[in-house]
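# Fold and contact review
Listed below, chain by chain, are the residues.
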Amino acid sequence: MEEILKFKPEEVYYSRVLDKIMNYIERFPGGSVILTSTKKIFAWSRKSSLWPITFGLACCAIEMMATYASRFDLERFGVITRASPRQSDVMIVSGTVTAKMAERIKRLYSQMPEPKWVIAMGSCAISGDFYRNVYSVVPGVDRVIPVDVYVPGCPPTPEGLIEGVKKLQKLIEEVTTK
Amino acid sequence: MKKEILKKEFKLDETKDGILIFPLKEFYHFMERVKGFFPYLSFITACHFLERKEFEIIYCVRDPFDSETLIFKTVLKEDEEVPSAYKFYKGAEWMEREIYDLFGVKFKNHPDLRRILLPEDWEGHPLRKDYEINRAPEKYDYRRKPVLRRRF
C-alpha cells in the first residue's frame, strides 16, 4: 500500500493500463522503452474500440438499446454507436431482415471500411425463425452478408449480447495476431 | 343514430354484426354523407374471397366528438375498380396504396397508386388467397441463395 502511495496518481494510472496489456508488451528493466509487435497492438486497439453502426430492425433493437444504456453499459467495453457507416466497424443486425431491407443492409455493409465484423442478434437474424417461410423474409442474414458471431435468443438478453461482443473481441484478437 | 339515418336514406342492408353494405354505384354520394357525419377515417382494409371471386373493401370511420364508430363495406368483382376515398379523407391515400400492394385492388382517381410496403418490382399480390405461401420473385428469393462464410 505504501509503495503505491509513493507514486504520483498519473503513474498509478499508467501502470494499471500497462498491467492490462501486459500480454502484449515487453518492458525493459528500468527503462522507458516498450517493445511490442504491431499485430498485437493493433489487435488490442481494434478489439477495445468496437464502433457499431446505429440501426435496429425489430424488437431485438429494444434489447440492444437497453444494452447500450446505463444499466448494462456496453461503453465499458469501448462499444460506442456511430451514426455513419464510414466511421463504424461492427454491424449488429438486430431483428427480422426483410427482402426490401436486405439490399439496404448490403449497401451499408459495403460502405463500412475494412476490417469489419457482423453480429447476428436474435433467432430472426440467424435463421428467420418462424417467419422463415414468409414470402418477404430473408431466412438468415448470412445469405446477405457474412456473419462472425451469432447471438441466439428471442430476443437475447443484454447479458447475451455482451457475451457476443466479448466473443467477437476474442475472435478479433485471434484473427489479427494470427 | 347516424347509422340508422344513413341506413334509411340509402336503403342499405346490414349484416348480423351491424356492418352496413353499400352498393358501389352510390359511392360518391354515400361517402359525402358519411364524411358529414364522421370526419375521421380510422382504417380501410380488404378481404379476398376466392370462390366468389370477389373483394370486400371495409371502411371504419369515427366521430371523435360523439365517440361513435361506423363500419361499412362494399363488394366488388376481381376485375372491378373501386373509387378512391382520397377526395373525402386525405388519410386514405396510404391505406389504399397498401391495399393495392397486398391485394391488387385498383383505385380510381387515386393521386399516387404505387406499392408501399413491398419493393416496386415485386410480382403478385401476397394477401390474395391464391398466392403461394413462400413464393417470391427470383431477385428477392433469398432461400435459394447460398450461406456466406468468412474465410478466416
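Residues numbered from 1 in each chain as written. Chains lettered and ligands numbered in written order. Predicted model: local features only at pLDDT ≥ 70, side-chain atom pairs only at ≥ 80, totals over all residues. Heavy atoms only, no water.

### Comments concerning the overall build of chain B
Along its length, chain B carries three helices and seven strands. Going from N to C terminus, chain B has its helices and strands arranged as α-β-β-α-β-β-β-β-α-β. The C-alpha extent of chain B, read off along each of the three principal axes, is 70 × 35 × 30 Å. The buried share of chain B, taken over its 152 residues, is 43%. Partitioning the intrachain contacts of chain B with sequence separation of at least 6 by distance along the chain shows that 46% fall at a separation of at least 24. Summed over all atoms, the accessible surface of chain B reaches about 9,200 Å², with 51% contributed by carbon and sulfur. The centroid of the 31 positive side-chain charges in chain B is displaced by 4 Å from the centroid of its 29 negative side-chain charges. (Helix = DSSP H or I, 4+ residues; strand = E, 2+ residues; numbered from the N terminus. Buried < 20%, exposed > 50% of the residue type's maximum accessible area, 1.4 Å probe, protein only. Contact = heavy atoms within 4.5 Å. Areas by Shrake-Rupley, 256 points an atom, 1.4 Å probe, with all protein chains shown as cover. Lys, Arg positive; Asp, Glu negative; His and termini not counted. Charge placed at Lys NZ, Arg CZ, Asp CG, Glu CD.)

### Side note on the sheet that holds strand β2 (residues 20-21) of chain B
All names here are of chain B. Pairing within the open sheet is mixed, and its five strands lie in the order β1-β2-β5-β4-β3. Each having just a single partner strand, β1 (13-14) and β3 (40-49) make up the two edges of the open sheet. Looking at chain direction, β3 and strand β4 (residues 54-63) are connected through nine bridges and run antiparallel. Bridge assignment links Ile 44 to a residue of β4, and that residue is Tyr 59. The strands touched by helix α1 (residues 2-10) are β1, β2, β4 and β5 (68-77); relative to β5, the strand with the most contacts, the crossing angle is about 30 degrees. Running over the sheet, helix α2 (residues 27-37) touches β4 and β5 and is turned about 25 degrees from β4. (Pairing = 2+ DSSP bridges. Axes fitted to C-alpha atoms, helices over the stretch in contact; angles between N-to-C directions.)

### What to know about the interface of chain B and chain A
Taken together, the 23 residues of chain B in the interface contact 25 residues of chain A. Between chain B and chain A, roughly 1,900 Å² of surface is buried when both sides are summed, and carbon and sulfur atoms account for 54% of that area. Between the two partners, chain B and chain A, sit zero salt bridges. Our count for the chain B to chain A interface comes out at seven residue pairs in polar contact (both at pLDDT 80 or more). (Buried area = accessible area lost by both parts, 1.4 Å probe. Salt bridge = Lys/Arg side-chain N within 4 Å of Asp/Glu carboxyl O. Polar contact = N/O pair within 3.5 Å; in protein donor to acceptor, adjacent residues only side chain to side chain.)

### A look at the confidence of the model for chain B
Averaged over all residues, the pLDDT of chain B equals 89, while 99% of them reach at least 70. Among the prediction metrics, the complex's ipTM stands at 0.77, with pTM recorded as 0.79. (pLDDT = per-residue confidence, 0-100.)

### Regarding the sheet that holds strand β3 (residues 90-94) of chain A
Residue and element names in this part refer to chain A. Overall, parallel pairing links the three strands, which are arranged β3-β4-β5 in an open sheet. With one partner strand each, in any of the chains shown, β3 and β5 (149-151) form the two edges of the open sheet. Across the sheet, the axes of successive neighbouring strands diverge by a mean angle of 20 degrees, strand direction being ignored. Bridge analysis of strand β4 (residues 117-121) against β5 gives three bridges, and the strand direction is parallel. For Ala 120, the partnering residue across the bridge sits in β5 and is Tyr 150. Contacting β3 and β4, helix α4 (residues 60-68) crosses the sheet at an angle of about 135 degrees to β3.

### Concerning α4(A)
Residues and elements named next belong to chain A. Among the residues of α4, those classed as buried are Cys 60, Ala 61, Met 64 and Thr 67. Buried residues of α4, seen end-on, are gathered within an arc of 110 degrees and therefore sit on one face of the element. In this fold, the buried residues of α4 make contact with β3, β4 and α7 (158-176). (Arc of directions from axis to C-beta.)

### Quick notes on the packing of aromatic side chains
Taken as a whole and judged by the stated rule, the model has 15 aromatic pairs over all chains. With a centroid separation of 6.0 Å and 40 degrees between ring planes, the pair formed by Phe22(B) and Phe27(B) is classed as tilted. Across the pair, exposure class does not vary: Phe22(B) and Phe27(B) are buried alike. Pairwise contacts between aromatic rings join Phe10(B), Phe22(B), Phe27(B), Tyr28(B), Phe30(B), Tyr59(B), Phe72(B) and Phe88(B) into one cluster. A cation over an aromatic ring shows up here: Arg82(A) above the ring of Trp51(A), its NZ or CZ 4.6 Å from the ring centre. Here Lys145(B) stacks its cationic end above the ring of Tyr142(B), 4.5 Å away from the centre of that ring. (Phe/Tyr/Trp six-rings, centres within 6.5 Å; stacked < 30°, edge-to-face > 60°. Lys NZ or Arg CZ within 6 Å of the ring centre and 35° of its normal.)

### Some points on the state of the cysteines
In this structure the tally under the stated criterion is zero disulfides over all chains. Free of any disulfide, Cys47(B) has its nearest cysteine sulfur in Cys60(B), 15 Å distant. (Disulfide = S-S within 2.5 Å.)

### A look at the pairing of β5(B)
Residues in a regular strand project their side chains so that they alternate between the two faces of the sheet. All names here are of chain B. Bridge analysis of β2 against β5 gives two bridges, and the strand direction is parallel. Across the sheet, Ile 21 pairs through a bridge with Lys 73, a residue of β5. The pairing of β4 with β5 spans ten bridges and is antiparallel. Looking at β5, one finds that Glu 56 is bridged to Val 75. Turn length for the β4-β5 hairpin, with the two strands adjacent in sequence and antiparallel, is four residues, and the turn residue Ser 67 shows positive phi of about 55 degrees.

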